[in-house]
Structure formats: structure tokens, C-alpha cells
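# Report on the structure
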Amino acid sequence: MTPQAKLIFTSSLILGTTITISSNHWITAWAGLEINTLAILPLIAKSHHPRAIEAATKYFLTQATASALLLFSAMMNAWHTGQWDITQLTHPTACLILTSALAMKLGLAPFHFWFPEVLQGSPLTTALLLSTLMKFPPMTLLFMTSPSLNPTLLTYMAILSTALGGWMGLNQTQIRKILAFSSISHLGWMAIIVSYHPKLTLLNFYLYSLITATVFLTLNTIKTSKLSTLMTTWTKTPALSTMLLLTLLSLAGLPPFTGFLPKWLIIQELTKQSMAPAATMISLLSLLSLFFYLRLAYCATITLPPHTTNHMKQWHASKPTSSAIAILTTTSTMLLPISPLILTTI
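Keep in mind that what you see is a predicted model, and the values were worked out from it rather than measured. (Residues numbered from 1 in each chain as written. Predicted model: local features only at pLDDT ≥ 70, side-chain atom pairs only at ≥ 80, totals over all residues. Heavy atoms only, no water.)

## As for a nonpolar patch on the surface
A contiguous nonpolar patch, built from Ile 27, Met 75 and Trp 84 and spanning about 260 Å² of accessible area, is present on the exposed surface. Considering the arrangement of structural elements, one finds Trp 84 in the loop between α3 (50-81) and α4 (92-106). With relative accessibility at 30%, the residue Trp 84 sits in the partly exposed group. (Patch = residues over 30% accessible without salt bridge, like charges linked within 9 Å, V, L, I, M, F, W, Y side chains within 5 Å. Areas by Shrake-Rupley, 256 points an atom, 1.4 Å probe, with all protein chains shown as cover. Salt bridge = Lys/Arg side-chain N within 4 Å of Asp/Glu carboxyl O. Helix = DSSP H or I, 4+ residues; strand = E, 2+ residues; numbered from the N terminus. Buried < 20%, exposed > 50% of the residue type's maximum accessible area, 1.4 Å probe, protein only.)

Written out as C-alpha cells, the structure reads:
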């Protein structure tokens, strides 16, 4: 792909995201989502591999369906209430259709099946965009419409997401699929709290995006996409592998890392809302995803070659680690001590 084409597609991504997050009208929000979808498709399919083409086709079909549902719910609400304003969504059927449309856009269970397949067929940098930037516009729509949505339905979908994200990630050997199921699991934490404390959902999303960006950029630097090649990285880049270990533990939500902060706040808020059983269940289900984070961390740092796993030998050429990874790793692991400062902003 030429630099000019890449620049056009990246600019379109930023434009589509900006249009959606700054709009009050359903039509402009829908237009921004469509620009986003069309801009990311060439970035998914740029390798011309059959799996990449398949991933782009699956992504297009699911996003087009979700956009159609979103437009349908907006039109139904406008038909009954005369309002096209995003925050004035009051018709119950329109709210239900919108919930399913946003769940499909985000990859929230039970509309999650497309996400691991699309991520597996994409390059690591595009997979990073799909996991973070592409989820920002639907997340802002969820934030804006949160007072209208059904909290019970969102709670059930959230618990299902956390359960499926944990269970389905246990048996995976491809790192992109593991990170896709990790994303589905994290979306459960965001969805369960959105009706009660929407700002916590956004905080969780920001911190999740920060930590996931660190993991993807690190994997892109060491050119690793499956567990068997991850086992050989310690001998080449021990410092980077150590940083990957700490970032994965932060992504798992273990104290004293940054990833513990949103989980702690969400459990606290759920307990205040007399939802202790839901908080207990979602906390226990997140232990499933802890297993595969520990497995990734174990492969990256503790397993040393020579070993018997079949893998392709890689060149020993070590390229310098970018300063972006250094900054991201620091923020991904060390923000917990300044949590009082973060709490004043939400």
C-alpha cells in the first residue's frame, strides 16, 4: 500500500471517529460510523491473503448490518417521538434495537463471533486499530444513550461477554485471537456499569486502550503472532519481554498495576448499587481470562529455548525499541498510585 493511500485511509478513520463522537443527530453519527467502516476495510485486506480478504468481508457484513439496525432504531424513535437527537431516545423497541446494534459494532456477546476471526486475519497494527480506535465511536454512542438503555439486559450481556471471553480464549494458540477474546471480556466490564456510572465505562475504555496498545506495539516490534514464536523472544529482547509480562499482568487487572483501577472502581460502584451478586460473578469470571494472560506471560518470559515446540526460526536482528512503547508501558503499569487524581477527573 502506497503512503498516499495509507494517509487517506488514516485521515478518513480520524474524520469518521470525530464526526460520530461530536454529533447530536443520528444521521451524522451514522455517517461517521460508515466512513470509519469503509476506511478500515483496505487496511484489513492490504496483504491480499485469502484470510485477510475473508476478514475484511466478515467485518463489512457485520458492520453494515449493525449500521442498518442503528439507523432503523433512530428512524423508529423519530417516527414515534419526532426527535432525531441522540440523547432523546425514549421508545422502548428503538432502545432494544439500538442495544443490539451497538453490541454488534463493539463485539459484545452474543454478537461477538465476528471479532476474533477479523482480528486473526488482520495485521497487528490494523488489529490494534480494530481493538481500540474503531470501538471509540460506538462506545461514545453507548455513553450518550446510557440513561435510555435497559440495565438488566446490559448486565446479562456483560456477564455473558466476560464468561465467553474467558472460556473461548483458554484453548487458543494465536495471540491475536487471545487478545480478541480479552477485548470481549473487557467489554463485559464496560457494559455492566454503563447504566449506573457511564464515566467509569469511558475510564475503563481509555485504560484498556492504553494497555492493549502497549501489548500490540510490543508484539509488532518482536514480530510475534503465535505462542510458539513468543517462546523464543526472551533470548533476543529480555527487557521488552519483561515489559510485556508487566503489561499483561496489568491487562489482567492485578494490583498494583494500572489495570486494577477500573475493576476496583466498577466493583465498588456495583456494590453501592446493591448488585453484589453481579459484581461477584463478573469478578470470578474474569479469573478465566487471567489464565490466558498468565499463559502469555509465561511463554514470553519463563519458557526458554531450546524446547520441543515447532516454530520457525527468526533472524536475530534486534531493532531499537521505540520511545512510544517505553512511555505506554510506564503508563500501563504505574498509574495506580495517582488514582485519586484520576478520580477527580471523572
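## Quick word on unusual backbone geometry
Across the junction of Ala 109 and Pro 110, the peptide omega takes the value 5 degrees, indicating a cis bond. Relative to the helices and strands, Pro 110 is located in the loop between α4 and α5 (114-121). The linkage connecting Pro 255 with the following residue, Pro 256, adopts the cis geometry, with an omega of 5 degrees. Considering the arrangement of structural elements, one finds Pro 256 in the loop between α13 (238-251) and α14 (260-272). The residue His 48 is not glycine, and still its phi comes out positive at about 60 degrees. Note on placement: His 48 falls in the loop between α2 (26-44) and α3. For His 48, a relative accessible area of 65% translates into the label exposed. With a phi close to 50 degrees, Lys 223 is a non-glycine residue in the positive phi region. By the element assignment, Lys 223 lies in the loop between α10 (198-221) and α11 (227-230).

## Digging into the UniProt feature "transmembrane region" (unreviewed entry) in the protein
Residues annotated in UniProt with the feature "transmembrane region" (unreviewed entry) correspond here to residues 7-23, 59-79, 91-115, 153-171, 203-222, 243-261, 281-304 and 324-343. As annotated, residues 59-79 comprises 100% helix and 0% strand, and the C-alpha atoms at either end are separated by 30 Å. A helix fraction of 58% and a strand fraction of 0% characterise residues 243-261, whose end C-alpha atoms lie 19 Å from each other. (UniProt positions renumbered as here; feature names shortened; annotations may be inferred.)

## Regarding the nonpolar core
The biggest cluster of nonpolar side chains holds 102 residues, and the ones touching the most others in it are Tyr 59, Ile 192, Leu 219 and Leu 230. Dropping the residues within four chain positions of it, Tyr 59 is found in contact with Thr 37, Ile 40, Leu 41, Ile 44, Trp 114, Val 118, Leu 130 and Met 134. (Core = buried A, V, L, I, M, F, W, Y, C linked by side-chain atoms within 4.5 Å. Contact = heavy atoms within 4.5 Å.)

## Regarding the packing of aromatic side chains
For any pair of aromatic rings, the description consists of the separation of the ring centres together with the inter-plane angle of the planes. Enumeration according to the criterion identifies 7 aromatic pairs in this entry. With centroids separated by 5.6 Å and ring planes inclined at 65 degrees, the aromatic side chains of Tyr 59 and Trp 114 adopt a geometry described as edge-to-face. One end of the pair, Tyr 59, is in helix α3; the other, Trp 114, is in helix α5, with 55 residues separating them in the sequence. Accessibility assignment for this pair places Tyr 59 and Trp 114 in one class, buried. Every member of this aromatic cluster is reached through a ring pair, and the members are Tyr 59, Trp 114 and Phe 115. When the ring centre of Trp 189 is taken as origin, the NZ or CZ atom of Lys 263, which lies over that ring, is 5.1 Å away. (Phe/Tyr/Trp six-rings, centres within 6.5 Å; stacked < 30°, edge-to-face > 60°. Lys NZ or Arg CZ within 6 Å of the ring centre and 35° of its normal.)

## A look at the UniProt feature "domain: NADH:quinone oxidoreductase/Mrp antiporter transmembrane" (unreviewed entry) in the protein
The feature "domain: NADH:quinone oxidoreductase/Mrp antiporter transmembrane" (unreviewed entry), as annotated in UniProt, sits at residues 23-288 in this numbering. Along residues 23-288, the helical share is 76% and the strand share 0%, with 38 Å between the first and last C-alpha atoms.

## Concerning the pattern of salt bridges
Applying the stated criterion across every chain, the model contains 3 salt bridges. A salt bridge links Lys 58 to Glu 54; its shortest N-O distance comes to 2.8 Å. Remark: Glu 54 and Lys 58 occur in helix α3; sequence separation between them is 4 residues, near one turn of the helix. For Lys 58, a relative accessible area of 29% puts it in the partly exposed group. For Lys 177, the salt bridge identified is with Glu 117, shortest N-O distance 3.5 Å. Taken together, the residues span a long stretch of sequence, with Lys 177 in helix α9 (residues 175-193) and Glu 117 in helix α5 at a distance of 60 residues. Here the residues in one salt-bridge network are Glu 54, Lys 58, Glu 117 and Lys 177, joined through shared partners.

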